[in-house]
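Here's the letter readout for the chains.
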Amino acid sequence: MSNYTDELVDFDTALDRYDPVLGFEVHVELNTKTKMFSDAPNAFGDEPNTNVTPVDLGLPGVLPVVNKTAVEYSILIGLALNCQIAEKCGFARKNYFYPDTPKNFQTSQYDDPIAHDGWLDIELEDGEVFRVEIERAHMEEDAGKLTHMGGAAGRIQGADYSLVDYNRAGVPLVEIVTKPIVGAGKRAPELARAYVAAIREIVKNLGVSDAKMERGNVRCDANVSLMPKDADKFGTRTETKNVNSLRAVEHAVRFEIERHAAVLDSGAKIVQETRHWHEDTRSTTSGRPKSDADDYRYFPEPDLVPIVTTAEWVEELRSRLPEPPAERRKRLKAEWGYADKEFRDVVNAGVLDEIEATVAAGASAAVARKWWMGEIARLAKAADKEIADLGVTPQTIVELNSLIEGKKINDKIARQVLEFVIAGEGTPSEIVEKRGLAVVNDDDALGKAVDEAMAAMPDVVEKIKGGKMQAIGALMGPVMKATRGQADAGRVREIVMEKLGL
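Residues numbered from 1 in each chain as written. Predicted model: local features only at pLDDT ≥ 70, side-chain atom pairs only at ≥ 80, totals over all residues. Heavy atoms only, no water.

K.L.:
Sorry if this is basic, but what is going on with the overall build of the protein chain here?
P.N.:
In terms of regular secondary structure, the protein chain is built from 17 helices and 16 strands. Expected size for 502 residues packed as a compact globule is a radius of gyration near 23 Å; at 30 Å, the protein chain overshoots this value by more than 25%. Projected onto the principal axes, the alpha-carbon positions of the protein chain cover approximately 95 × 55 × 50 Å. Burial status across the protein chain gives 46% buried among its 502 residues. Long-range pairs, those at least 24 residues apart, make up 68% of the contacts in the protein chain with a sequence separation of at least 6. In the form shown here, the protein chain has an accessible surface area of approximately 25,000 Å², with 50% of it arising from carbon and sulfur atoms. (Helix = DSSP H or I, 4+ residues; strand = E, 2+ residues; numbered from the N terminus. Rg over C-alpha atoms; globule rule 2.2 N^0.38 Å. Buried < 20%, exposed > 50% of the residue type's maximum accessible area, 1.4 Å probe, protein only. Contact = heavy atoms within 4.5 Å. Areas by Shrake-Rupley, 256 points an atom, 1.4 Å probe, with all protein chains shown as cover.)

What follows is the structure, encoded as structure tokens:
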């Protein structure tokens, strides 16, 4: 019996009987100017098959040359992951035949990676910390990209033909491989998401990768196996390939746990294989039997000399490491005075950088949080966009807040102005001037609006005279309507009290 089943076991039920064992292989594309072994440009989005050289195409007689910057970026990643850096390491040929690999082998590293034996502490949303052991981080090159035409969902099954783009072939990659992760229990899916998010955050912070998962800059192969509660031996694993979003990593791990449990409960055996993730159905399907190292016939790359690192070189690179993301978060939380939940919400919303830049531009931490977590987040959700794609800058927020504090606009008008900024109409000050949105604080105009409101609502006036000051709020609506929402609320309150001799 095999693991081909559509049956699932409820997640909690599965974890009552089995312990999950996880393992992750995260592929990080480096943002060097040129490719790993050639001088072809490393650029995303160019016309297909324009960023290629004879080296990338594996033509006869060509010789690769190692990209030194890519080696340094790889060492930086290793150091950030608390790894040991190899004093000497080399490249190997990983042999396999596929249309997106024109050389019919991938230049990678096998038994001597550039970095090894590291660790990374992963903090979950409630503050619990898991230590993930890093087995290795090795250098290699990316494959080209296949586009399957015809058929359903852009997959090879049922496609009429496939197109290949070799622009990505040879792009520098670092593959980060964990040791088996045990003990996560029911938090395994959450840990999977948090781990990949941490890797993405680290490489982005280092400046070595654009780290855009939607572009494939960071991709995760998620390994899952289950072992019965009383077992002391790992179960057979499956590997869900090329998962390219944090949400998908979490869902893929959860799905495979539920699927493995159903297979094992039925008395069948898990087949060691790769799996494909389908976002539309949030499920995996079978790929191919998982290859072992012997199947790839690794052997040393004869056209490249070994990489030799010196202590001086490694220490010079170590001195270039930025503040680690976890330490930065602790510092910012203390500086800003956010409560635990407030800060977690900021981190989970992905606006930490934006708030930090806004504070640096002159806004208070409270004002920065109010805008990025409030109106800007709302507008992004309504437009089905990422916050970063709205085009709002820290300077925009500082200028809006300055206009509010200067009593030139109120909060309601400021929100309108923000929408006009996003629409490309100019800076907040320009929009207020051009659209005539400045707060009305002319006493004659406000006095007239207040008189009309009081005449229309004599019962409210009597309540105010009787000492119910909160009733002034009932007069605000008509006054705001008369002034197109631009009345200075504070001045309106003062005028009401003056007119009533209070």
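K.L.:
Looking at this model, I keep getting lost on the pattern of salt bridges. Mind explaining?
P.N.:
Once their charged atoms are close, side chains differing in charge can pair, the charge on each being opposite to the other. Counted according to the given criterion, the structure contains 39 salt bridges. The residue Glu301 makes a salt bridge to Arg93 at a minimum N-O spacing of 2.9 Å. In this pair, Glu301 sits in the loop between strand S15 (299-300) and strand S16 (307-308) while Arg93 sits in strand S4 (residues 92-95), placing the two residues 208 residues apart along the sequence. Classification of Glu301 by relative accessible area gives buried; the value is 6%. A residue is classified by how much of its surface remains accessible, and Arg93, at 16% relative accessible area, is buried. We note a salt bridge from Glu256 to Arg275, for which the minimum N-O separation is 3.8 Å. One end of the pair, Glu256, is in helix H5 (residues 246-265); the other, Arg275, is in strand S13 (residues 273-278), with 19 residues separating them in the sequence. In this structure, Glu256 and Arg275 share a single accessibility class: buried. (Salt bridge = Lys/Arg side-chain N within 4 Å of Asp/Glu carboxyl O.)

K.L.:
Looking at this model, I keep getting lost on a negative patch on the surface. Mind explaining?
P.N.:
On the surface, Glu214, Asp384, Glu386 and Asp389 cluster together into a negatively charged patch. Along the chain, Glu386 turns up in the loop between helix H10 (365-383) and helix H11 (394-405). With relative accessibility at 57%, the residue Glu386 sits in the exposed group. (Patch = residues over 30% accessible without salt bridge, like charges linked within 9 Å, V, L, I, M, F, W, Y side chains within 5 Å. Lys, Arg positive; Asp, Glu negative; His and termini not counted. Charge placed at Lys NZ, Arg CZ, Asp CG, Glu CD.)

K.L.:
Is there a simple way to explain the sheet that holds strand S7 (residues 129-141) in this structure?
P.N.:
Paired through their backbone hydrogen bonds, the strands of a sheet run either parallel or antiparallel. The strand order S2-S6-S7-S10-S1-S11-S12-S13-S14 describes an open sheet built from nine strands, whose pairing is mixed. Pairing within the sheet leaves two strands with one partner each, and these edge strands are strand S2 (84-85) and strand S14 (283-289). Bridging between S2 and strand S6 (residues 115-123) involves two bridges; their strand directions are antiparallel. Paired with Ile85 across the strands is Ala115, a residue of S6. (Pairing = 2+ DSSP bridges.)

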